[in-house]
Amino acid sequence: MTQTQINKPADTIRYGGVKGVIWKNAGKDGKPDRYSVTYVRSYTDADGNWKDTSSLSEIDNLKLGVLIPQVATRIAELKAADRAEANGDDEIEEGGQ
C-alpha cells in the first residue's frame, strides 16, 4: 500500500463550511478496523486558496449538531460494509445492519 492510499480518508461529510473527515484505522490483534473523525472548517485565505482549520466558531458548533449524526450514520454504514466484506457477503442489508 502506498503512502497516498494510507492517508486517504474513508469518506468526508460536509455541512456548510464544516466537514467531518472519516479515517479508517486498521484493527490490531484480530480486532476489527476502527474509525476516527476530524472536524474542520474550510475557508479561503487572502490569496483565494482553500484552507482548513480546526478552530470552529460558535456558529460552526451549531452546524456540528447537524453534521455529527450524519457522520455517525456513515461510520455505521462503513462498519457494516467491513463486516459484510469479512463475511464474504455481496450485499449489505438496508440500514447498515
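Cut-off values and rules
- Residues numbered from 1 in each chain as written.
- Predicted model: local features only at pLDDT ≥ 70, side-chain atom pairs only at ≥ 80, totals over all residues.
- Heavy atoms only, no water.
- 1 Å grid on protein atoms, 1.4 Å probe; cavity = no way out; pocket = protein on both sides within 12 Å on 5 of 7 lines; lining within 4 Å.
- Points joined across faces, edges and corners; volume = space filled by probe spheres on them.
- Helix = DSSP H or I, 4+ residues; strand = E, 2+ residues; numbered from the N terminus.
- Nonpolar A, V, L, I, M, F, W, Y, C, P; charged D, E, K, R; others polar.
- Core = buried A, V, L, I, M, F, W, Y, C linked by side-chain atoms within 4.5 Å.
- Buried < 20%, exposed > 50% of the residue type's maximum accessible area, 1.4 Å probe, protein only.
- Contact = heavy atoms within 4.5 Å.
- Pairing = 2+ DSSP bridges.
- Axes fitted to C-alpha atoms, helices over the stretch in contact; angles between N-to-C directions.

### Brief notes about the layout of surface pockets
In step 1: Approximately 270 Å³ is the volume found for the largest pocket.
In step 2: For the lining of the largest pocket, the elements supplying multiple residues, two or more each, are β3 (34-44) and α2 (58-87).
In step 3: Of all the elements, α2 adds the most residues to the lining of the largest pocket, at 6 residues.
In step 4: Of the residues belonging to the lining of the largest pocket, the class tally is 4 nonpolar, no polar and 7 charged.

### Topic: the nonpolar core
In step 1: Grouped together as the largest cluster of nonpolar side chains are 9 residues: I13, V18, I22, Y35, L64, L67, V71, I75 and L78.
In step 2: Contributions of two or more residues to this core are made by β2 (18-25) and α2.
In step 3: With residues up to four places along the chain from it excluded, the contact list for L78 reads A10, I22 and Y35.

### A look at the sheet that holds β2
In step 1: With antiparallel pairing, 4 strands are arranged side by side in an open sheet as β1-β2-β3-β4. Each edge of the open sheet carries a strand with a single partner, namely β1 (11-15) and β4 (50-53). If you compare each strand with its neighbour and ignore which way they point, the axes differ by 35° on average.
In step 2: Relative to β4, β3 is paired through 4 bridges, and the arrangement is antiparallel. Residue pairing for β4: Y43 is matched across the bridge by K51.

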